[in-house]
Every structure is written in structure tokens, then in C-alpha cells.
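Architecture and fold: a report
Here is how the chains run, residue by residue.
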Amino acid sequence: MKVTFVALGSEQLGISQLSAIAKRDGHQVSLAFSASLFHDRFNLEIPSLGNFFDDRSEVINAIKQEKPDVLAFSCLTSTYQWMLGVAKEAKEIFPNVKTVFGGVHVSAVPDRTILKPEVDYAVVGEGDIAFPLILQAIANGGPGTEPIPNTRYKTKSGIVIKGVQQGFVQDLDSLPFYDKVIWEDHIRIQDMYLTVATRGCPFTCSFCFNNFFARLPEEKRGKYVRQRSVDNVIHELKWAKKRYDIQWVDFQDDVFTVNKGWIKEFTDRYKKEVNVPFQCLIHPQYFDDEMASWMREAGCEWIQIGIQTMDETFKHENLRRYEDSNHIVQALEAMHRYGIKPKADHMLGLPGEPIGSQATALKLYAEQTPKRIQTFWTCFLPGTDMMKQAVQQGILNEEQAERLNEGIDFYFFRNKENIKNPELVKIYQSYEFLYKVMPAVPAFLKQRLKPEHVSWMPNMATRVLASVFDVYTGFRHGNPEFAAYAKHYLFHLYSFFRRKMGFSRPKATVPNLSVENIPAILTPNPEVAMSAA
């Protein structure tokens, strides 16, 4: 069968995995991609430019050209409505096309997703088990009435069939490597190679999708945190280096350092066999001096660490984060000691957080200054305990909760609507500005910075200046994400104007075609993955 994935903004590893599984089973796979410039649902949001560079028609044209049997979508809350719109238009063009919706948003609200007329199948949780079985059912003339694990689907008569929610695939080495080939026309893979070595997180923070995702299985078998073998990861990266001449590796694991023994084996081999600078995410409770030493020697240059709040009582009782302040300090000290550049995540506007927490955080950042402090205004994700509590406490009314569950009015970085007190908003804005400028100011000024020094500034001025400082420090400290993001935008701007002038679409990545399309470690059939669940 012909399967077309629809993606927006950037590479999604979930699509890369499912594409590899579909190809393994003999299906023809393609990608309909929207760069969504200046409306990428993550960083840049400039409505006037977003409208001018809107490329939704390119996605529809790609679908028309491919004439797929199956359209597959992996949805975030911020992309859900856009993807429903694409599915609706595609069904008007090809009434017999089947649509498969998955991703964290669908997993949070599967029962309402499957009721959408544009959706034929809704995958709940990881799709390694469900997706190949869905394709098999469609190929056999389905849907029938036989339940499919981890899936909601509608029969031809409109009845919703719900499959049992099985456990997660335990043997990640049994899965095929990520299919990067489908992204080569749209993503500069060589600038920042995305992969993961683990799936799952040992924590269930109240604001994070892992909060509900880990609890999805009805069958309590196996672990949520699973890890690929070192040999498996190294094999993939050696292939990627040969095919793409990759310049950076970005490990997108929720906690890369969850297994210290694995880190030791990995770093010993990575330096010898891959030797490309990399970055990753850690949790302060899963990091120490030894790991910092090993990782820096292997080529780790940046580490992202979630701090979020510096009020320990609030953190423990409301966020389900159980590290103490000394864990954070020790992790930052270890990074600085071994020359690894820290990037801190900090949340603003957490409901119920004492405002004094911001002064404590400012003091920490003055003493152990990260190379970048990335701020997030609290947004409520469907399915999470934080959103449920916000409804119970009246922070969100029923209409607002409904709109979030439908993927409407969702802003990832700057959702200030949760804070009703304008004076409190102003205080947070002042701290946000100081966090952004902290990595750029001289050491003798760091301890002197106070929110009252900038509270007089207009909101627009603080936002613009904070962005300028953020970009300046990013490039000054060699943050690879800034360079990769800039190159991504420049390529798609060039591609946009080239198409407007009637020229063909350029290719984002020019691979070494002498290297195989997908590494040869493939499982023979879906039952292998199912038996590991």
C-alpha cells in the first residue's frame, strides 16, 4: 500500500520510526511536509509573515501527487487542528483514503479524537504494535470488527471498536532504525541528527505528557523506561555519519543518563567510533561528576537540564519533581567543572508557586550561570494531572478546558492567559528578562540584577531585548540549535521563493547514495515487536 505521513515544522522521530516499520513490511512510504515558517508552533510566531509563507497548499498538492491509501498524522496539541483540517480536505479529494491519527495529543483524548469524521483510526500510546496491524487490516479490506491493540477505530457502520491497551515494547533493539530518508527533501539532517537511546522517563511530572503516558497500558507488564543497547545506537550513528556527514547529534531522550553503566560503555565507544559533538537532556538526580567527565571526553558539549522552579516544597507537592536544590547545584557545578555548557529550562506562571521562588532561581543562575536559560510560560497539556487540577481549582473553566482538549488556543512558550493578576504577569516578565540576559552580563553584575531594575520597561521592549540577548548568547556560546534552526529557516525561505518563481524544489540534504537507505537491522514482522511488549 501507499502510506503518506503528514508533518509540520520539523522532524518527528515517531514518524521516522513508523515509516521504517512500514517500509520493513513492504509498503511504499512518502512524506507531505509543511515548514510552516513563522508559525511553526514552537519558536517563531509572527502572524503576518506566517500568513504570507503559508504552505498548506504544498501539503495538499503532495497528497494529490502521491494518491495514498493511508494518511498518517502524529499530533501535538498545537498541531492537532491543522492536521484535522488537512485530513478533511484530503478526504474530500480522495474519499476512500484512510486516516490514522496518533501522537501525544491523541493519546490524551483518544475517545474524542476517534469521533471526528476526518479520523478513521486513533493510535493510543506508542505505535510500534498498532500501526503495522492497522495497515494490515486496511490492506485486507478493513476495517472489520476485530479489535486492534492500542487502537480506537470506526467500522464501516460507524461503530467504535476499542482494542486492549497493551504494554510498551520492551526490546527496542527489535525495532528498525529511524527512517531518515523520507526527511531528506525537507530537513537538513546533517546539521542536527536526532535520535533517542531510551524511551520513557523515570518521573511523572504533573505538567508533562509522561504523567499520563506511562499509565496507559491496561496490562501492567514490563517497564516504561527502556533502553537500546550501546551496540544498536553506535551502529545507527556510524551509518548516519557515513550517509550524511553529520555535524551534531541531538539525543532527545527524556533522561539520557538514566543508566550510569550504559553511559560508561557508550562514552568509551562513542569517542572511538563516532566522534561527533553531541547534546542531550538529563535530570539532576541522574548525573554526577563521573558521568560529566566521561561525557565531556566523548564529545558532549551541551546538556539541557529541567529546573522549572526553585521552591522545593512546591516542586515536591505540586510538580511531582523530587530533586532538591543541592541536586541542581551539584549538576551545574559538574558541567562547569568539565566544560559542558548547561542549558536550563525554567517555567513561569506555575499555579500556586510562591513568587519568591523566582528570586531564589535568580540567585542560583547568578552563581551557577547556564549558557542559556530557556523560559516556558505554563501551558496545560490535555491528559495531565496539572490540567485536571487547574479545572478543579477554577484556574481553567470548562470552556477553556474544552478548547485545550480540542487543540485550540494553545501556545507553547507564552500562554499568559493562565495568570489573572496583571501585576503578577509584570513580575514574571521582569524575571524572564533577567534570566535571558544573565548569560550575557559580566560576572560583577550578575549578583546585582534585580527585577525592579527592569520593571519600568514596556512589555514589548523587554520581549524584544530578551530575544536579542537570547540569540546573542546562543551564537556567542556556539549553541548548535541556533545554527541548525537558522539554516533550516534559510533553506525553506530559499525553497519558498524558488517555487514562487517556478523552479523545482531544492533538496535539503544531499546524502551519500553509496550508503544504504536504511540500516539493515530490521525485524522480520510485527509479531516480533508484539512478543516483546
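Each remark here, short or long, concerns the structure printed above.
Residues numbered from 1 in each chain as written. Predicted model: local features only at pLDDT ≥ 70, side-chain atom pairs only at ≥ 80, totals over all residues. Heavy atoms only, no water.

**Let's talk about the sheet that holds strand 11 (residues 249-251)**
Judged by pairing direction, the sheet is parallel, and its 6 strands sit side by side in the order 8-11-12-13-14-15 without closing on themselves. Every other strand in the sheet has two partners, leaving strand 8 (193-195) and strand 15 (372-377) as the edge strands with one partner each. Put simply, the sheet's adjacent strands are angled 20° from each other on average, direction ignored. Where strand 12 (residues 278-282) lies against strand 13 (residues 300-308), 5 bridges are found, and the strand directions are parallel. Bridged to phenylalanine 278 within strand 13 is cysteine 300. (Pairing = 2+ DSSP bridges. Helix = DSSP H or I, 4+ residues; strand = E, 2+ residues; numbered from the N terminus. Axes fitted to C-alpha atoms, helices over the stretch in contact; angles between N-to-C directions.)

**Comments concerning the pattern of salt bridges**
One pass over the full model with this rule turns up 34 salt bridges. One salt bridge in this structure joins aspartate 385 and arginine 215, with 3.5 Å as the shortest N-O distance. Of this pair, aspartate 385 sits in helix 15 (residues 385-392) while arginine 215 is found in the loop between helix 8 (210-213) and strand 10 (226-227), placing the two residues 170 residues apart along the sequence. Residue classification places aspartate 385 among the buried residues on the basis of a relative accessible area of 10%. Across the pair lysine 260 and aspartate 288 runs a salt bridge, and its minimum N-O distance is 2.8 Å. Of the two residues, lysine 260 sits in helix 10 (residues 260-273) while aspartate 288 sits in the loop between strand 12 and helix 11 (289-298), which places them 28 residues apart along the sequence. Lysine 260 gets classed as partly exposed once you look at its relative accessible area, which sits at 32%. (Salt bridge = Lys/Arg side-chain N within 4 Å of Asp/Glu carboxyl O. Buried < 20%, exposed > 50% of the residue type's maximum accessible area, 1.4 Å probe, protein only.)

**Considerations on unusual backbone geometry**
Of note in this structure, lysine 67 is not a glycine but carries a positive phi near 50°. Tracing the backbone through its elements, the reader meets lysine 67 in the loop between helix 3 (56-66) and strand 3 (70-74). Exposure remark for lysine 67: the relative accessible area of 51% places this residue in the exposed category. Backbone geometry at asparagine 275 places phi at a positive 55°, although glycine is not the residue there. Secondary-structure assignment places asparagine 275 in the loop between helix 10 and strand 12.

**Structural notes on the packing of helix 19 (residues 459-476) against helix 20 (residues 480-500)**
Where helix 19 contacts helix 20, the two axes come as close as 7 Å, and the packing angle between them is 110°. For the element pair helix 19 / helix 20, the angle class is roughly perpendicular. From helix 19, Asp470, Val471, Gly474 and Phe475 reach across to helix 20, where they touch Phe482, Ala483 and Ala486. Considered class by class, the residues forming the contact of helix 19 with helix 20 number 5 nonpolar, 1 polar and 1 charged. (Parallel < 35°, antiparallel > 145°, perpendicular 65-115°, else oblique. Contact = heavy atoms within 4.5 Å. Nonpolar A, V, L, I, M, F, W, Y, C, P; charged D, E, K, R; others polar.)

**Considerations on the packing of aromatic side chains**
Counting across every chain of the model gives 33 aromatic pairs. Aromatic pair phenylalanine 256 and tryptophan 262: ring centres 5.8 Å apart, planes at 90°, arrangement edge-to-face. Taken individually, phenylalanine 256 and tryptophan 262 each receive the classification buried, so the pair is uniform in this respect. Members of the aromatic cluster, each reached through a chain of ring pairs, are Phe38, Phe52, Phe53, Tyr485, Tyr489, Phe496 and Phe497. Over the aromatic face of tyrosine 193 sits the side chain of lysine 180, whose NZ or CZ is 4.2 Å from the ring centroid. (Phe/Tyr/Trp six-rings, centres within 6.5 Å; stacked < 30°, edge-to-face > 60°. Lys NZ or Arg CZ within 6 Å of the ring centre and 35° of its normal.)

**Here's the deal with the side chain of glutamine 368**
Tracing the backbone shows glutamine 368 in the loop between helix 14 (356-367) and strand 15. Polar side-chain contacts of glutamine 368 include one of 3.0 Å to the side chain of histidine 336. For glutamine 368, the residues in contact, after removing those within four places along its chain, are Leu332, Glu333 and His336. (Polar contact = N/O pair within 3.5 Å; in protein donor to acceptor, adjacent residues only side chain to side chain.)

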